[in-house]
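Listed below are the residues making up each chain.
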Amino acid sequence: MSVHPRYPLLFSPLDIGVTKLKNRALMGSMHTGLEEAENGFAKQAAFFAERARNGVGMIITGGIPPNFEGGGRGSKLSEPHEVAEHRLVTDAVHAADPDVKICMQILHMGPLARTSECVAPSPVKSRIGAYMPNALTAEGIEKQIRDFANCAVLAKEAGYDGVEIIGSAGYLISTFLVEKTNRRTDEWGGSFENRMRFPIEIVRRVRKAVGPDFIIVFRISAMDMLQGGLAWEEVVALGKAIVAEGVNVVSTHFCWHEALVPTIATMVPRAAFTQVTGRLRKELGVPMITSNRINMPQVAEDVLARGDGDIVSMARPMLADSELVKKSFEGREDEINTCIACNQACLDHTFNGKLVSCLVNPRACHETELNYLPTNLPKNIAVVGAGPAGLAFSITAAERGHKVTLFEANDDIGGQFNLARKIPGKEEFDETIRYFRRKIALHGVDLRLNTRVDADALSGFDEVIVATGIEPRTPDIPGIDHPKVVGYMDAILGRKPIGKRVAIMGAGGIGFDVAELVSHAGVSAALDVDVFAREWGIDFRNHPRGGVTGVEPHVETSGREITLMQRKSDALGKTLGRTTGWTHRLSLQRRDVQMVGGVDYLKIDDEGLHTRVNGEPRLFDVDTIIVCAGQTSMRKLYDDLQARGVKAAIVGGAYEAAELDAKRAIDQACRLAAVV
Ligand code: FAD
Ligand code: NAP
Ligand code: SF4
C-alpha cells in the first residue's frame, strides 16, 4: 500500500484486533436529533452514507439509549422490533463503502435523561439535569447492566460493526466513578475499586454477549474537569481494567457537560486536549481515539505524529464538510469548509431540542431535502455584497451552473466576518473566508472588489441578489457625535484610539465581543495551549483530580476599566449561544469587566456618559464610549430595484437585521441558491 505524501499517518490503516480500519479518520459521535425525527433513520442513512462515501474510516453514531430510563425521549434500542430501522443506516453505510466501519454509541444518560424515571447511583441532581435521579437498587443496577448487553446484541443484529459505550460526560457510567455523584456504601460505592465495578461489569457482559468478533469502544473520562474529579491513577486503573475485559479501542473524552471549562468552543486551541490521550496511550497499549478541536488534516496528522492518539475523531468538522477526508486525501485542503467551533447550529440546537445542522453548511442533517443540483436553466445573476450571505449564494449558484457576478464595495470579501475574526478566540472565522475565496475561484464567480453598485449599474442581469448586509445603529442620544464616542467597527479595526476607562453601550453578541477585545492583553488563548490552560485553570502536566482541582484561573488584562451596559434590566448575555454564553460571561468577569443592566442613556459630554441606572442618576466618567447598539438593514438598493421592476431577491442582514447571525444569513442564501 502506498504512503500518502502529505498525511502518511492519517491515511495509514490500523489493526484494532477485531478488524482493520482503512485509515485513522473517525467521524465522532454526535446526537443530531435525526434519531427522533420523522423518517429520521432514513435521513441518518443519507447523512452517514455521504460521509462514508467520502473517505472516513469509521463512524460512531449519535447516542442510543439501552432502555427508556437511559434517555426518556426519542429513540432507544432495547426491543427486537427496533432493529429494522437501524438496518437502514448500517446498510446504507456499508453500501457506500464496505470498508467503512460503523459503531453504534450506547448512551445511558443517567441523571441527564429527560424523564422523571431517570436513574443514578445516588440521588444527586446534576447542575444541568432536569430531574432528581432515582437511586438505583442493587437489582436496578443489575437491570442496567443487562440492558447494556442486550442493546449491544441488538446493535450487532442491526449490522453495526461494533458499539461505543460512553463512560464519560456526566452520563450514568461516569456518575458511578466520582464521589460527588456516587455516595453509595455498598459494593458499587466507596473505594475506587467499588466505584469502577459498574463499567467493568458492563464491558464484561457486553463482550460475553456479542462474542469476540465485534468492536467495543469505551469512551473514558480522561480529564473530567471536575473539582475533586478523577485522579490520573484512577483513570489509568479504569482504562487497564476495561481493556482486560475486552475493550478494543479506548476513546478519550474531556469534561463533564456541567464542568466550567470550555473544551470544544472556538476559544479552545486546536487539539488542546490530545496530550492527555498521549499520556494514557502509553499506559494502556490499545489503539486510542483522541478528539476535540481537530478540524483540519494537518492538525490530525500532527496529533498522530506526536503519538497523542492512533485514531483522530472529528465530529463537528464532518458536519461542516462531508468531504473533509476525501479533500484531504486529494490535496484539496483549501476547499475544506472548516468547522469554526461556533456551536451555533450544532450543540446549541441539541441543547435547545432542535435538529442539528451547521452554520457554515446548512445541508448538514438535511441531505435528503437540501441539494444543490446542476441547473437546466443557467442565468446571468448579479450578487451585491460579499459578506457571508452574498458569498454563500454566489458559490452555490455558480456551482449549480449559473453565471455569477459578485460586487463588493470593500477591497476584500468577508463582510462582517472581517470584524469577527479580529476578536480573540474567533480566529477560526478566517477559515470560512479562505473557503469562500477558494470556491469563488473554483466556480468562476466574477468578483468585482472595490465596486459599490447602485440600481443603475445592475441592468442586463436576469436576476439580482441583494446581500448588502447591515449598518450599525446610531442611538439618538444628545452628544452621540462627541469625540469620545467610537463605533464598534472603528474600535475593532483599530481606526480610533480607545482610552483607559471605557463604556460599551449595548451588550449583544457584538458588545460582548468588543469587551473581550478591549479587555484583552497578550496572546489569544485560542492560539496557545499554555495561555488557555492558565486562563481556565487547567493543569495538563500534573493532572490534579479532574485536571482542575485547586488550580486558580489567571487572566492577563489590558488594565482598562470597562463597563458593559444595556437598557434591559435582565442579566447581561442572555442572547448569547446556549452552550457558549457562559464562557463569554465568565471570561469577562475574570477580566473585571463590570456588567450593568437597566441603563437609560441621557447624554454624552466631556464628563462622560450620563445615565439613570434603575432610576438612579449615574455618571460613567469614561474616556471612550463604544457603541454596539445593534444594527439596521441596508435595504435601499433592493427597494430601488423593486421600484424599477428589476427581478431581485434579498438575503442576510439586508433582509432582516433583527436577531441576524451568520447562521441565518448563510442558511437563507444557500436555500435560495438551491432553487434559483
Ligand atoms: P455583511 O456581513 O454585513 O456583508 C454585507 C456586504 O455587502 C459587506 O461586505 C458590504 O461592504 C457589502 N455592500 C453593502 N452595500 C454594497 C453595495 N451597494 N455594493 C457593493 N457591496 C456592498 N455571527 C454569528 O453567527 N456568529 C458570530 O460569532 C458572530 N460574531 C460576530 C462578531 C462581530 C464583531 C461582528 C461585527 C459580527 C459577528 N457576527 C456573528 C454577525 C455576522 O458577521 C453577520 O450576521 C453576517 O456577517 C451577516 O452577513 P451578510 O452577508 O448579511 O452581511
Ligand atoms: P444584538 O444582539 O441585537 O444586541 C444589540 C444591543 O444593543 C443590545 O444589548 C440592545 O440592548 C442594545 N440596543 C438596541 N437598540 C438600542 C438603542 N436604540 N440604543 C442603545 N442600545 C440599544 O446585536 P449585535 O450585538 O449588534 O449583534 C448583531 C448580531 O450578530 C446578533 O444578532 C448576533 O446574533 C450576532 N453575533 C453573534 C455572536 C455570537 O457569539 N454568536 C457574536 C457577535 C455577534 P438594550 O436594548 O437592552 O439596550
Ligand atoms: Fe462547527 Fe459551528 Fe458548524 Fe457546529 S455549527 S459544526 S461548531 S461550524
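Described below are features of the structure shown in this document.

1. Thoughts on the overall build of the chain
Scanning the chain from terminus to terminus reveals 21 helices and 27 strands. For the C-alpha atoms alone, the extent of the chain along its principal axes is close to 75 × 65 × 45 Å. Buried positions account for 61% of the 676 residues belonging to the chain. Within the chain, counting contacts between residues at least 6 apart in sequence, those at least 24 apart form 71% of the total. Accessible surface, the chain as shown: approximately 26,100 Å² in total, 49% of it carbon and sulfur. Each charge class in the chain was averaged separately, 79 positive and 85 negative side chains, and the resulting centres sit 1 Å apart.

2. Comments concerning helix α2 (residues 83-96)
Look at α2: 20 Å from first C-alpha to last across 14 residues, which is about the 20 Å you get at 1.5 Å a residue. Among all positions of α2, only V83, H86, V89, T90 and V93 are buried. Across the axial projection of α2, the buried residues extend over an arc of 120°, all falling on one side. In this structure, α2 carries A84 and A95 as exposed residues pointing more than 90 degrees from its buried face. Where α2 is buried, its residues touch α1 (40-53), β4 (58-64), β5 (101-106) and α3 (138-157).

3. Re the packing of helix α13 (residues 388-399) against helix α15 (residues 429-442)
For any two helices packed against each other, one specifies the crossing angle of their axes together with the interaxial distance. Running from N to C, α13 and α15 point in directions that differ by 35°, and their axes come no closer than 10 Å. As for the relative orientation of α13 and α15, their crossing is left-handed in sense. Between α13 and α15, the contacting residues are P388, L391, A392, I395 and E399 on the first element and Y435, F436, K439 and I440 on the second. Of the residues in the contact of α13 with α15, the class split is seven nonpolar, no polar and two charged.

4. Section: the environment of H108
Position of H108 relative to the elements: it lies in the loop between β5 and β6 (119-120). H108 sits 566 residues away from A674 along the chain, and the two C-alpha atoms are 39 Å apart. Within the local environment of H108, its side chain forms a polar contact with the backbone nitrogen of G110, the two atoms lying 3.1 Å apart. At 2.7 Å, the side chain of H108 forms a polar contact with the side chain of Q144.

5. Focus on unusual backbone geometry
Positive phi, close to 70°, is recorded for A169, a residue that is not glycine. Relative to the elements of secondary structure, A169 occurs in the loop between β8 (162-167) and α4 (172-177). Even without glycine at this site, A271 takes up a positive phi of about 55°. Residue placement: A271 occurs in the loop between β10 (249-254) and α8 (274-284). Since its relative accessible area comes to 8%, A271 is described here as buried.

6. Comments concerning the pairing of strand β19 (residues 501-505)
For β19, the tally of buried residues reaches four of five residues, placing the bulk of the element in the interior. For β19 and strand β20 (residues 561-565), the ladder comprises five bridges, and the chain directions are parallel. In the sheet register, M505 faces β20, and the bridge partner there is M565. Pairing of β19 with strand β25 (residues 624-627) involves four bridges; the strand directions are parallel. From the neighbouring strand, V502 faces β25, where its bridge partner is T624.

7. Focus on the packing of aromatic side chains
Across all of its chains, the model carries 12 aromatic pairs by this definition. Each ring, one from F176 and one from F198, has its centre 4.0 Å from the other, and the planes form 20°; the classification is stacked. Taken together, the residues F176 in helix α4 and F198 in helix α6 (residues 197-210) connect sequence positions 22 residues apart. F198 matches F176 in its accessibility class, with the two residues each being buried. Consider the rings of F273 and F540, whose centres lie 5.5 Å apart with planes at 75°: the pair is edge-to-face. Of the two residues, F273 is situated in the loop between β10 and α8 and F540 in the loop between α18 (529-536) and β20; the sequence distance between them amounts to 267 residues. Grouped by ring-pair contacts, the aromatic residues F254, F273, F532 and F540 constitute a single cluster. A cation sits over an aromatic face here: R279 above W232, 4.5 Å from the ring centre.

8. Regarding the sheet that holds β8
The eight strands are arranged β3-β4-β5-β8-β9-β10-β11-β12 in a closed barrel whose pairing can be described as parallel. Neighbour-to-neighbour, the strand axes of this sheet turn through a mean angle of 30°, independent of strand direction. Of the strand pairs in this sheet, β8 and strand β9 (residues 215-223) are connected by six bridges, and their pairing is parallel. Within the sheet, the bridge partner assigned to I165 lies in β9 and is F218. The strands touched by α2 within the sheet are β4 and β5, with β5 carrying the most contacts at an inclination of about 150°.

9. With respect to the site of ligand 1
The environment of ligand 1 is formed by 38 residues, the closest being Q344, E408, K426, G653 and A662. Note that a nitrogen atom of ligand 1 is positioned 2.7 Å from one of the side-chain N or O atoms of Q344. Here a nitrogen atom of ligand 1 and a backbone polar atom of A409 are 3.0 Å apart. Of all the secondary structure elements, the ones that give two or more residues to the shell around ligand 1 are α13, α14 (417-420), α16 (488-493), α17 (509-519) and α21 (662-675). A per-class count over the shell around ligand 1 returns 21 nonpolar, 11 polar and six charged.

10. A word on the sheet that holds strand β22 (residues 599-605)
Spatially, the three strands line up as an open sheet ordered β22-β23-β24, and their pairing is antiparallel. With partners counted over all chains shown, the strands left at the sheet margins are β22 and β24 (616-620), one partner each. Shown here is a sheet whose adjacent strand axes are inclined to one another by a mean of 25°, direction ignored. One ladder, built from six bridges, connects β22 with strand β23 (residues 608-613); its direction is antiparallel. Pairing of K603 across the sheet is with H610, part of β23.

The rules we used
As a convention, each chain's residues are numbered from 1 in the sequence order in which they are written. Key to labels: chains lettered from A, ligands numbered from 1, both in the order written. Given that the model is predicted, a residue must reach a pLDDT of at least 70 before its local features are reported, and side-chain atom pairs must reach 80 or more before they are shown or counted; all residues, however, enter totals for whole chains, interfaces and linings. Remark: hydrogens and water are excluded; side-chain values derive from all non-hydrogen atoms of the structure. Here a strand is any run of E in DSSP of at least two residues, a helix any run of H or I of at least four, and the numbering for each starts at the N terminus. A simple rule labels every residue: compare its accessible area, found with a 1.4 Å probe on the protein chains alone, to the largest value its type can have, and call it buried under 20%, exposed over 50%, or partly exposed in between. Residues are treated as being in contact if the distance between any of their heavy atoms lies within 4.5 Å. Areas reported as accessible are Shrake-Rupley estimates using a 1.4 Å probe. Residue values count occlusion only from the protein chains shown. Charge assignment: positive for Lys and Arg, negative for Asp and Glu; neither His nor the chain ends contribute. Charge placement uses NZ in Lys and CZ in Arg. For Asp and Glu, CG and CD serve respectively. By this rule, a helix spans an expected 1.5 Å times one less than how many residues it contains. The arc in question is traced by the directions running from the helix axis to the C-beta atoms. To define axes, lines are fitted to C-alpha atoms, for helices over the stretch in contact only, and angles between the resulting N-to-C directions are given on a 0 to 180 degree scale. Helix crossings get a hand from a simple test, with the near helix turned counterclockwise from the far one by less than a right angle marking a left-handed crossing and a clockwise turn marking a right-handed one. When residues are sorted by character, Ala, Val, Leu, Ile, Met, Phe, Trp, Tyr, Cys and Pro go into the nonpolar class, Asp, Glu, Lys and Arg into the charged class, and all the rest, Gly among them, into the polar class. By the criterion applied in these results, polar contacts are pairs of N or O atoms within 3.5 Å in which, for protein atoms, one can donate a hydrogen and the other can accept it, and in which residues neighboring in sequence qualify only through two side-chain atoms. Two strands pair under a simple rule: DSSP has to find at least two bridges between them. Ring pairs shown here join Phe, Tyr and Trp side chains whose ring centres sit within 6.5 Å, with only the six-membered ring taken for Trp; geometry is labelled stacked below 30 degrees between planes, edge-to-face above 60, and tilted in between. For a Lys NZ or an Arg CZ to count as sitting over a ring, it must be within 6 Å of the ring centre and within 35 degrees of the ring normal. Note on definitions. A residue lies near a molecule or strand when any single heavy atom of the residue is within 4 Å of it.

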